[in-house]
Amino acid sequence: MIPTFILTTWLSALISISIISGGVYLAHEWQQHSWGWDERLQRSVFAPTFGWNQDTALFAGAALLLIVALFGGALVRAVLKRVMTGAKTSDQASPLESPHRAGQQTIKRPDGTELHVEMYGPTIAVPIVLTHGWGLHSAEWNEAKRELGGRFRLITWDEPGLGRSTRPANRDFSLEKMAHDLAAVLTLVQGKHAVLVGHSIGGMIILTFCGLFPNALQERVAGLVLSHTTPRNPVRTTKGAAFFTAIEKPVLVPLLYLTIFLSPIVWLMNWLSYWNGTAHLITKFGSFAGTETWEQVEFATQFQPKASPAVLARGMLGMMNYDATATLPGIKIPTLVVTGDKDTTTKPEAGEEIRAAIPGASLLTLRPAKHLGLIEHHRTFAGAVAKFADGVEATKVAEVL
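This text gives an overview of the structure that appears in the document.

### So, the pairing of strand E8 (residues 221–227)
Link 1 in the chain: Most of E8 is tucked away, with seven of its seven residues classed as buried.
Link 2 in the chain: Pairing of strand E7 (residues 194–199) with E8 involves six bridges; the strand directions are parallel. Paired with His199 across the two strands is Ser227, which belongs to E8.

This is how it looks when you write it as structure tokens:
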């Protein structure tokens, strides 16, 4: 989720409000039409008539819109489940269940944030630290936990204000703050060399970490996997970047601050978008490329209504100040860059730029894939991470020998 997504958030909110408003208006019109004058009683009486008439049409329209507003999501889910059952992909699996974790921990930060951290897999294995995308939380890695947890020591964490991690008292959601949080999580690898894996803002956090802690590369970090991410302000690397850059200051920034101010109302609107199915359709067509399962769409759609709009907006404001282009040439450890060939949120050109700037970096392009390609093609992604981590470990062993 990048700053331009705030437009989609407000658009879906307006659609939800329009559906409810339309239902209330038609119900009011039906109620007004149903009142009549009774000559015998000499007073107004409520006497609706049903049949092939205007009053019945008003009643039916009101009922339909209100049902869609509250239960349309169930219909959308049922349709998606039916039409997507036969989706052809070798990466099909339900992302809804998380495997049994080996442990969990809370890391208290100086700014008041309490980071929720979970561990999976054997303690003695190669550690992989997974940093999720913005608006999501560590459950994003459920499939990776199942597919990699038997061979690697996985460490997942919820970024501040998301999942089970608390917000910082100073409301600092900058990339630099979150890079320091990642450094705190990295202390849990117990002296081993870790592979850092990040999706979207997770990749931005990792690159910011590399700029702030260059000595940690080689000393504590053995390799990087940067998935569907960007080296600079994501407004500059999304589809339609020229237009979004032009409206960044006059439109996007004020909308983000308005979202913070009206956070409870926007939160309700996000739930309405989930209930009426708008959120499902936005997720399906905006984040997936056509080989996903309906379970994956449902799984990904559940994240946004659970997240505080104020937290999301503050994180998006933080992204606008991000630029790691100067850091890239100084990264001297193995790096795998993962892109989606149809990603409109972070165009594949951004990943190609990262690959070209980091010495010796390699590139994996998922096809067909958009911004959640690592979920749509989770087995391909997990296989690539496993192969990369094995190669990094083999190199470390060879250096010791």
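### Examining the nonpolar core
In a soluble, globular protein the nonpolar side chains are often hidden away together inside.
Link 1 in the chain: Among the nonpolar cores identified, the biggest contains 64 residues, and Val129, Trp134, Leu196, Phe209, Leu224 and Ile331 are the most heavily contacted of them.
Link 2 in the chain: When residues of this core are assigned to their parent elements, the largest contribution, eight residues, is made by helix H4 (residues 175–186).
Link 3 in the chain: In this view, Leu224 contacts Leu196, Ile206, Cys210, Ile331, Ile333, Pro334, Thr335, Leu336 and Phe388; residues no more than four positions away in its chain are not counted.
Link 4 in the chain: The next biggest cluster of nonpolar side chains, apart from the first, holds 39 residues, and it includes Phe152, Phe303, Phe381 and Val385.

### Considerations on the packing of aromatic side chains
Link 1 in the chain: Summed over the entire model, instances satisfying the criterion amount to seven aromatic pairs.
Link 2 in the chain: Centroid distance Trp134 to Phe173: 6.3 Å. Interplanar angle 70°. Geometry classified as edge-to-face. Taken together, the positions of Trp134 in the loop between strand E5 (127–131) and helix H3 (142–148) and Phe173 in the loop between strand E6 (153–157) and H4 put the pair 39 residues apart, joining distant regions of the chain.
Link 3 in the chain: Given the relative accessible area of 4%, Phe173 is considered buried.
Link 4 in the chain: Residues Phe243 and Phe244 carry aromatic rings whose centres are separated by 5.4 Å and whose planes lie at 65° to one another, so their mutual orientation is edge-to-face.
Link 5 in the chain: On the accessibility criterion, Phe243 (51% relative accessible area) is exposed.
Link 6 in the chain: By the ring-pair criterion, three or more aromatic residues cluster together here, those being Trp271, Tyr274 and Trp275.
Link 7 in the chain: Here the basic side chain of Lys284 rests over the ring of Phe285, its NZ or CZ set 5.3 Å away from the ring centre.

Each value, and the rule that gives it
Residues numbered from 1 in each chain as written. Predicted model: local features only at pLDDT ≥ 70, side-chain atom pairs only at ≥ 80, totals over all residues. Heavy atoms only, no water. Buried < 20%, exposed > 50% of the residue type's maximum accessible area, 1.4 Å probe, protein only. Helix = DSSP H or I, 4+ residues; strand = E, 2+ residues; numbered from the N terminus. Pairing = 2+ DSSP bridges. Core = buried A, V, L, I, M, F, W, Y, C linked by side-chain atoms within 4.5 Å. Contact = heavy atoms within 4.5 Å. Phe/Tyr/Trp six-rings, centres within 6.5 Å; stacked < 30°, edge-to-face > 60°. Lys NZ or Arg CZ within 6 Å of the ring centre and 35° of its normal.

That is the geometry; function is a separate question.
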